[in-house]
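Chain by chain, the residues:
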Amino acid sequence: MAWVIEVDNKLRPCEVRINRRTILKGLFHGWFNVREFDGYSKEIVEKPIGVVELETGCVAKVDPGCIKFLDNPFVNYSWDEGDNNENRDET
């Protein structure tokens, strides 16, 4: 079986939870790592953030748990029911 890997830089529509009551629509631009000072451990830590262009026109750094993607790329994939690792081609 031939595998094709496609890298695309399309913007993905999403919703961003700003707080408990505020959810804004946005366009997801990508994942990036940022370094921040952790007051608990007193160390510099690296963590992932999403960069989202909000419907207000602002660009925000967003925690991954606050992003909900609205498109569904999973419809382009299929997983056979009952398939297990023993039946997969390892090449």
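Being a predicted model, the structure only gives us computed values, none of them experimental. (Residues numbered from 1 in each chain as written. Predicted model: local features only at pLDDT ≥ 70, side-chain atom pairs only at ≥ 80, totals over all residues. Heavy atoms only, no water.)

Novice: Hey, could you go over the nonpolar core for me, with residue numbers and the actual values?
Specialist: Among the nonpolar cores identified, the biggest contains ten residues, and these are Cys14, Val16, Leu24, Phe28, Val52, Leu54, Ala60, Val62, Cys66 and Ile67. Each residue touching valine 52, except ones within four places of it in the same chain, is listed here: Cys14, Val16, Gly26, Leu27, Phe28, Cys58, Val59, Ala60, Val62 and Ile67. (Core = buried A, V, L, I, M, F, W, Y, C linked by side-chain atoms within 4.5 Å. Buried < 20%, exposed > 50% of the residue type's maximum accessible area, 1.4 Å probe, protein only. Contact = heavy atoms within 4.5 Å.)

Novice: Before we move on, could you go through the sheet that holds strand E4 (residues 59–62) and cite the residues and values that matter?
Specialist: Judged by pairing direction, the sheet is antiparallel, and its five strands sit side by side in the order E4-E3-E2-E1-E5 without closing on themselves. Edge positions in the sheet fall to E4 and strand E5 (67–69), since each of these pairs with one other strand and no more. Here the average twist between neighbouring strands, direction ignored, is 40°. (Pairing = 2+ DSSP bridges. Helix = DSSP H or I, 4+ residues; strand = E, 2+ residues; numbered from the N terminus. Axes fitted to C-alpha atoms, helices over the stretch in contact; angles between N-to-C directions.)

Novice: Report on the pattern of salt bridges, specifying residues and quantitative values.
Specialist: Inspection of every chain in the model, using the stated rule, returns three salt bridges. Here arginine 12 makes a salt bridge to aspartate 71, at a shortest N to O gap of 2.9 Å. Taken together, the positions of arginine 12 in strand E1 (residues 12–17) and aspartate 71 in the segment after E5 put the pair 59 residues apart, joining distant regions of the chain. Residue aspartate 71 is classed as partly exposed on the basis of its relative accessible area of 30%. In this structure, the salt-bridge partner of arginine 35 is glutamate 46, at a minimum N-O distance of 3.5 Å. Of the two residues, arginine 35 is situated in strand E2 (residues 23–38) and glutamate 46 in strand E3 (residues 43–54); the sequence distance between them amounts to eleven residues. Residue class for arginine 35 comes out exposed when judged on its relative accessible area of 66%. (Salt bridge = Lys/Arg side-chain N within 4 Å of Asp/Glu carboxyl O.)

Novice: Lay out the pairing of E1 with the relevant residues and their values.
Specialist: Judged from the six bridges that link them, E1 and E2 form a sheet pairing that is antiparallel. The residue of E2 that forms the bridge with proline 13 is leucine 27. Bridge count between E1 and E5: three bridges; the pairing is antiparallel. Bridge pairing in E5 links glutamate 15 to lysine 68.

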